[in-house]
Amino acid sequence: MPEWIGIAAKVVTGLLAITALIVSIWASRRVARAWEIQLLLARFDLEAAKRKAARGEQRLEREAAKREAEARALT
């Protein structure tokens, strides 16, 4: 009887080790996915900021050209 308990304990220990390994792999992949999503969101935010800045710059250039044309028309 005690021999059977020892074998069962070894099997349970092995199963727990395998379960712990699977859970740690799953958790690390989940963290990696979350990190990738954060990087993508940061990249999208950066691209949006660049587009906004480019639009603002184009608007300023148009306004400057308009003012310059108005100044020429006055002279």
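The coordinates are above.
Residues numbered from 1 in each chain as written. Predicted model: local features only at pLDDT ≥ 70, side-chain atom pairs only at ≥ 80, totals over all residues. Heavy atoms only, no water.

Before going further, it helps to examine the overall build of the protein. In terms of helices and strands, the protein carries one helix and zero strands. With respect to the principal axes defined by its C-alpha atoms, the protein has extents near 110 × 5 × 5 Å. Per-residue burial for the protein yields a buried fraction of 0% across its 75 residues. For the protein, the exposed surface amounts to about 7300 Å²; the carbon and sulfur share of it is 67%. The positive charge centre, built from 14 side chains, and the negative charge centre, built from 9, are 5 Å apart in the protein. (Helix = DSSP H or I, 4+ residues; strand = E, 2+ residues; numbered from the N terminus. Buried < 20%, exposed > 50% of the residue type's maximum accessible area, 1.4 Å probe, protein only. Areas by Shrake-Rupley, 256 points an atom, 1.4 Å probe, with all protein chains shown as cover. Lys, Arg positive; Asp, Glu negative; His and termini not counted. Charge placed at Lys NZ, Arg CZ, Asp CG, Glu CD.)

This part takes up the pattern of salt bridges. Within this structure, the stated rule accounts for three salt bridges. Glu63 is paired through a salt bridge with Arg67; the nearest N and O atoms lie 3.7 Å apart. Of the two residues, Glu63 and Arg67 are both situated in helix H1 (residues 2-74); the distance of four residues between them amounts to about one turn of the helix. Since its relative accessible area comes to 34%, Glu63 is described here as partly exposed. With a closest N to O distance of 3.6 Å, Arg67 and Glu70 form a salt bridge. Of the two residues, Arg67 and Glu70 both sit in helix H1, three residues apart, roughly one turn of that helix. (Salt bridge = Lys/Arg side-chain N within 4 Å of Asp/Glu carboxyl O.)

Relative to the helices and strands, Ala8 resides in helix H1. Taking C-alpha positions, Ala8 is 32 Å from Arg29, a pair spaced 21 residues apart along the chain.

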